[in-house]
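Per-entry structural report
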Amino acid sequence: MRSSNHLIGVLNFTTFLLSIPILGGGIWLSSRANNTDCLKFLQWPLIVIGASIMVVSLAGFAGACYRNTFLMWVYLFVMFFIIAALIGFIIFAYAVTDKGSGRGLVNQAYKDYYLDDYSGWLKDRVADNSYWRKIASCVRDSKVCKKMDRTVNGVPETADMFYNRKLNSVESGCCKPPTECGYAYVNETFWTTGGGLVGTNPDCSMWNNDQQELCYSCNSCKAGVLANIRKSWRKVSVINIVVLIILVIFYVIGCAAFRNNRRIDNDEPYGEARMTKAQPSHFQL
């Protein structure tokens with residue numbers, strides 16, 4: 001009995017430690033929601049799951065330490081649903097970030113982003129005008145475009161230097177016009193029409209050199225935000241999958257140890273069934 005309790009206690013404490021990267025991933029997504037990702041609801045399921053694992057693990061640990069069978073039973077019961085919720089969350093995260101990536105450009109290190117390359121629930125939510133206004137305001141307030149300014153020995157960088165920069169998806173989609181529009185580079189966030197627009201992309205006419213406008217209303221900006229969310233969620237999902245595999249293994253071991261405790265409590269010898277076949281009665285005439 002004591003060895004089984006020790007095993008369950010160790011498993012619960014390890015499960016408690018495993019909740020930390022899940023909770024940390026949710027907090028990391030929350031921090032990004034305040035600057036570049038700007039979607040402030042996707043991180044909450046992850047934070048709730050991480051916090052739930054942490055609380056339930058502590059309950060199981062207390063049950064093992066004090067030999068409280070009820071707490072251990074509650075731990076196994078609730079943990080089953082938490083694992084199911086984590087599986088559902090991982091599937092959802094991959095489903096909504098399944099498609100979409102930037103398009104490579106000739107002689108330029110960065111990529112351009114197009115909303116048509118994305119599909120599904122997340123795209124529809126981001127592209128919704130009422131919701132996009134909040135996201136665009138968040139991106140603008142994060143000053144991500146202003147932070148693009150770069151000088152070399154006090155002199156603004158040249159067009160060739162800018163074209164060799166590896167911009168992230170938000171910088172490329174929101175802070176400059178799409179390359180196909182044919183704008184001429186002046187600085188990172190100021191472009192002129194030069195010889196005239198050559199692109200048919202609706203974003204070409206939406207670009208504005210006003211630093212409060214830029215391309216925040218462009219579909220390329222929406223695509224850039226989606227690409228950033230996809231990248232963030234894929235990173236977190238890898239950690240969640242590793243934690244999930246370990247949780248399932250520990251859960252199976254915990255169930256076996258719990259059954260062993262119940263067997264000992266019932267004074268059942270190992271390997272003997274609780275019910276045995278009754279011997280036939282003998283009648284004497």
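Cut-offs and rules
Residues numbered from 1 in each chain as written. Predicted model: local features only at pLDDT ≥ 70, side-chain atom pairs only at ≥ 80, totals over all residues. Heavy atoms only, no water. Helix = DSSP H or I, 4+ residues; strand = E, 2+ residues; numbered from the N terminus. Expected span 1.5 Å × (residues − 1). Buried < 20%, exposed > 50% of the residue type's maximum accessible area, 1.4 Å probe, protein only. Arc of directions from axis to C-beta. Polar contact = N/O pair within 3.5 Å; in protein donor to acceptor, adjacent residues only side chain to side chain. Contact = heavy atoms within 4.5 Å. Core = buried A, V, L, I, M, F, W, Y, C linked by side-chain atoms within 4.5 Å. Patch = residues over 30% accessible without salt bridge, like charges linked within 9 Å, V, L, I, M, F, W, Y side chains within 5 Å. Areas by Shrake-Rupley, 256 points an atom, 1.4 Å probe, with all protein chains shown as cover. Salt bridge = Lys/Arg side-chain N within 4 Å of Asp/Glu carboxyl O. pLDDT = per-residue confidence, 0-100. Pairing = 2+ DSSP bridges.

Details of helix H5 (residues 129-141)
For an α-helix, 3.6 residues make a turn, and residues three or four places apart therefore share a direction. The first and last C-alpha atoms of H5 sit 18 Å apart over 13 residues, in line with the 18 Å expected at 1.5 Å per residue. Among the residues making up H5, those that are buried are Tyr131, Trp132, Ile135, Ala136, Cys138 and Val139. Looking down the long axis of H5, one finds its buried residues gathered within 160 degrees of arc, a one-sided arrangement. Residues Arg133, Lys134 and Asp141 are exposed on H5 and point more than 90 degrees away from its buried face. Among the residues trailing H5, lysine 143 stands out with phi positive, at a value near 55 degrees.

Focus: unusual backbone geometry
Note on backbone geometry: most residues besides glycine have negative phi, and most peptide bonds are trans. A positive phi is found at asparagine 107, a non-glycine position, where the angle reads about 60 degrees. Secondary-structure assignment places asparagine 107 in the loop between strand S1 (103-105) and strand S2 (108-112). In this structure asparagine 107 comes out as exposed when scored by relative accessible area, which is 69%. A positive phi is found at leucine 214, a non-glycine position, where the angle reads about 45 degrees. Along the chain, the position of leucine 214 falls in the loop between helix H8 (203-206) and helix H9 (219-265). According to the relative accessible area criterion, leucine 214 is buried, its value standing at 1%.

What to know about the side chain of serine 172
Residue placement: serine 172 occurs in helix H7 (residues 169-174). Serine 172 gets classed as buried once you look at its relative accessible area, which sits at 3%. At 2.4 Å, the side chain of serine 172 and the backbone oxygen of lysine 111 are in polar contact. Not counting chain neighbours up to four residues away, the residues in contact with serine 172 comprise Tyr110, Lys111, Asp112, Tyr113 and Leu167.

Some words on the nonpolar core
Ranked by internal contacts, the top residues of the largest apolar core, which has 66 residues, are Met79, Val139, Phe162 and Tyr216. Broken down by secondary-structure element, the contributors of at least two residues to this core are helix H1 (2-33), helix H2 (44-65), helix H3 (69-96), helix H4 (121-127), H5, helix H6 (159-163), H7 and H9. In terms of residue count, H9 provides more of this core than any other element does, 15 residues in total.

Quick look at a nonpolar patch on the surface
On the surface, a cluster of nonpolar side chains totalling about 390 Å² of accessible area is made up of Leu7, Ile241, Ile245, Ile249 and Ile253. Broken down by element, the nonpolar patch gets its largest block of residues, four residues, from H9. Summarising the element assignment, isoleucine 241 is placed in helix H9. Residue class for isoleucine 241 comes out partly exposed when judged on its relative accessible area of 31%.

Section: the confidence of the model for the protein chain
Taken over all residues, the pLDDT of the protein chain has a mean of 81, while the share at 70 or more is 84%. Considering each helix and strand of the protein chain separately, the mean pLDDT is smallest for H1, with a value of 75, and largest for S2, with 94.

Quick word on the side chain of aspartate 203
Mapped onto the elements of the fold, aspartate 203 is located in helix H8. A distance of 3.0 Å separates the side chain of aspartate 203 from the backbone nitrogen of asparagine 219, its partner in a polar contact. Dropping the residues within four chain positions of it, aspartate 203 is found in contact with Pro178, Cys181, Cys215, Cys218, Asn219 and Ser220.

A look at the pairing of S2
On a regular strand, one side chain projects to one face of the sheet and the next to the other, so that they alternate. As paired strands, S1 and S2 are joined by three bridges and run antiparallel to one another. Pairing of arginine 103 across the sheet is with aspartate 112, part of S2.

As for the environment of glycine 63
The residue glycine 63 is located in helix H2 in this model. Taking the relative accessible area as the measure of exposure, glycine 63 reaches 0% and is therefore buried. Put simply, glycine 63 and valine 74 are 11 residues apart on the chain and 9.2 Å apart in space, counted from C-alpha to C-alpha. Excluding residues that lie within four positions of it along the chain, glycine 63 makes contacts with Asn68, Leu71 and Met72.

Notes on H2
The end-to-end C-alpha distance of H2 is 32 Å, a good match for the 32 Å that 22 residues give at a rise of 1.5 Å each. When H2 is considered as a whole, its buried residues turn out to be Leu46, Ile47, Ile49, Gly50, Ile53, Val56, Ser57, Gly60, Gly63 and Ala64. The first or second residue beyond H2 is arginine 67, which carries a positive phi of 55 degrees.

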